[in-house]
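Take a look at the letters that make up each chain.
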Protein chains: 2
Amino acid sequence: MNVAMTLRRIIISDVHEHQLVELRELDGSRRFTIVIGYFEATSIDRRIRKQTSERPLTHDLVVGAIDELGGQLRDIMISDLKDGIYYARLRVMQDGEIREIDCRPSDAIAVAVTSDVPIYVAEDVLDQAAGD
Amino acid sequence: MNVAMTLRRIIISDVHEHQLVELRELDGSRRFTIVIGYFEATSIDRRIRKQTSERPLTHDLVVGAIDELGGQLRDIMISDLKDGIYYARLRVMQDGEIREIDCRPSDAIAVAVTSDVPIYVAEDVLDQAAGD
């Protein structure tokens with residue numbers, strides 16, 4: 001069972017190397033925080049603010065590659081949590097099948113925000129993460 | 001006519017916002033420099049140094065998406081120079097056809113270094129750029 005999440009906030013610090021992104025359950029109150037890199041945090045932030053760029057930035061390139069190769073991004077999923085590391089996947093429909101592309105949650109969220117697709121978390125990951 | 005290039009050096013400055021990457025003709029002496037962002041410069045640099053990451057970084061995700069969707073990256077090309085901005089493309093073979101994915105040269109070079117594929121520049125772009 002996957003749970004739909006919403007991006008609640010990003011905390012970007014110029015002082016600290018690691019930034020924070022907080023996800024909250026769409027139809028509930030469970031929430032958790034993921035530590036991400038500065039580049040990925042600013043990329044998510046500029047996409048939320050609808051700041052456009054004349055040329056494709058790196059996450060736009062991810063989306064462009066999927067489009068050009070005949071894929072339709074359906075959603076992203078945070079699928080696992082092992083030893084404190086979150087694992088994510090882009091789920092792309094191509095030729096009637098779902099292809100799953102392994103990635104970090106930060107890249108997945110940046111791509112989801114760019115393409116306006118749902119963010120899911122596996123139920124057991126949310127159980128673990130929200131219980132912290 | 002496209003000209004094969006080699007990545008001659010990257011100059012990364014912690015003080016300046018813009019970093020430099022220099023390309024040199026593989027079978028000749030023409031060379032030129034492109035201004036790129038800090039994130040892209042450090043991404044290229046870590047790939048040249050063969051620094052690996054346990055999880056896919058953003059340029060690894062670009063490569064992973066191409067692989068998962070049945071594409072084979074053939075090369076990257078810096079195809080245009082307009083108003084001081086360089087334009088690039090990833091050239092990917094899929095189902096017997098070449099698909100061209102629009103991107104910035106910095107992302108293209110990072111992807112080329114990751115996948116160890118050739119870097120080309122259009123002859124007329126090299127003429128303009130190397131003549132500066």
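Residue numbering note: each chain is counted from 1, following its sequence as written. Each chain takes a letter, starting from A, and each ligand takes a number, starting from 1, following the order in which they are written. Predicted model: local features are reported for residues with pLDDT of at least 70 only, side-chain atom pairs are reported and counted for 80 or more only, and whole-chain, interface and lining totals are derived from all residues.

**So, helix H2 (residues 58-68) of chain A**
Residue pairs three or four apart in sequence face the same way in an α-helix, which turns once every 3.6 residues.
Working step 1: The exposure label follows from counting other C-beta atoms within 10 Å of a residue's C-beta, where the C-beta atoms are placed from the backbone and the thresholds are 20 or more for buried and 12 or fewer for exposed, leaving partly exposed in between. Labels follow the DSSP assignment, with helices taken as runs of H or I lasting at least four residues and strands as runs of E lasting at least two, numbered in each case from the N terminus. Along H2 of chain A, the residues classified as buried are Thr58, His59, Asp60, Leu61, Val62, Ala65 and Ile66 of chain A.
Working step 2: Phi for Gly70 of chain A, located one or two positions after H2 of chain A, is positive at around 80 degrees.

**Some thoughts on the interface of chain B and chain A**
Working step 1: Any pair of residues counts as being in contact when their C-beta atoms, constructed from backbone geometry, are within 7 Å of one another. The interface is formed by 21 residues belonging to chain B together with 22 residues belonging to chain A.
Working step 2: Of all the secondary structure elements, the ones that give two or more residues to the side of chain B that touches chain A are helix H2 (58-68), strand S5 (85-94) and strand S6 (97-103) of chain B.
Working step 3: Ranked by residue count, the leading element in the side of chain B that touches chain A is H2 of chain B, at seven residues.
Working step 4: Amino acids outside the nonpolar list (Ala, Val, Leu, Ile, Met, Phe, Trp, Tyr, Cys, Pro) and the charged list (Asp, Glu, Lys, Arg) are all regarded as polar, and Gly is one of them. Of the residues that constitute the side of chain B that touches chain A, the class distribution is 11 nonpolar, four polar and six charged.

**Description of the sheet that holds S5 of chain B**
Residues and elements named next belong to chain B.
Working step 1: In this scheme, strands are said to pair when DSSP sees at least two bridges between them. In space, the seven strands of this open sheet follow the order S3-S2-S1-S7-S4-S5-S6, with mixed pairing throughout. In the strand order of this sheet, the two ends are held by strand S3 (31-36) and S6, each with one partner. In this sheet, adjacent strand axes meet at a mean angle of 35 degrees when their direction is disregarded.
Working step 2: Here nine bridges tie strand S4 (residues 72-82) to S5, and the two strands are oriented antiparallel to one another. Residue pairing for S5: Ile76 is matched across the bridge by Leu90. Only the contacting stretch of a helix is used when fitting its axis, a line to C-alpha atoms as for every element, and angles between N-to-C directions run 0 to 180 degrees.

**Regarding the confidence of the model for chain A**
Working step 1: Chain-level statistics for chain A give a pLDDT mean of 95 and a share of 99% at 70 or above.
Working step 2: Both confidence scores are given for the complex: pTM 0.95, ipTM 0.95. The pLDDT score gives, residue by residue, the confidence of the prediction method on a 0 to 100 scale.

**What about the pairing of strand S5 (residues 85-94) of chain A?**
Residue and element names in this part refer to chain A.
Working step 1: Two successive antiparallel strands, strand S4 (residues 72-82) and S5, enclose a turn made up of two residues, where Asp83 displays a positive phi of approximately 50 degrees.
Working step 2: Inspection of the sheet shows S5 paired to strand S6 (residues 97-103) by seven bridges, in the antiparallel sense. Residue pairing for S6: Arg89 is matched across the bridge by Asp102.
Working step 3: In sequence, S5 turns back onto S6 through a hairpin of two residues, with Asp95 there showing a positive phi of about 50 degrees.

**As for the relation of the copies chain B and chain A**
Copy one and copy two of the chain differ by a rotation about a common axis and a shift along it.
Working step 1: Under the fitted operation, chain B is carried onto chain A by 0.0 Å of movement along the axis and a turn of 180 degrees, and the coordinates agree to an RMSD of 0.0 Å. On the angle and the small slide along the axis, the relation comes out as a two-fold axis. Among all residues of chain B, the minimum C-alpha distance to the rotation axis is found for Val62 of chain B, at 2.6 Å.
Working step 2: When you check the interface residues of chain B against chain A, 100% turn up at the interface there too, and the contact is symmetric in its surfaces. Copy-to-copy alignment: least squares on C-alpha atoms, limited to residues at pLDDT 70 or above in both.

**Here's the deal with the sheet that holds S5 of chain A**
Residue and element names in this part refer to chain A.
Working step 1: Ordered in space as S3-S2-S1-S7-S4-S5-S6, the seven strands form an open sheet in which the pairing is mixed. The strands lining the two open edges of the sheet, one partner per strand, are strand S3 (31-36) and S6. Averaged over all adjacent pairs, the angle separating strand axes in this sheet is 35 degrees, with direction ignored.
Working step 2: The pairing of strand S2 (residues 19-25) with S3 spans six bridges and is classified as antiparallel.

**Quick look at the environment of Val121 of chain B**
Residue and element names in this part refer to chain B.
Working step 1: Among the secondary structure elements, Val121 is positioned in strand S7 (residues 119-122).
Working step 2: For the pair Val121 and Ile76, spaced 45 residues apart in sequence, the C-alpha to C-alpha distance is 8.5 Å.
Working step 3: In contact with Val121, other than residues within four places in its own chain, are Asn2, Val3, Met5, Leu23, Ile78 and Leu126.

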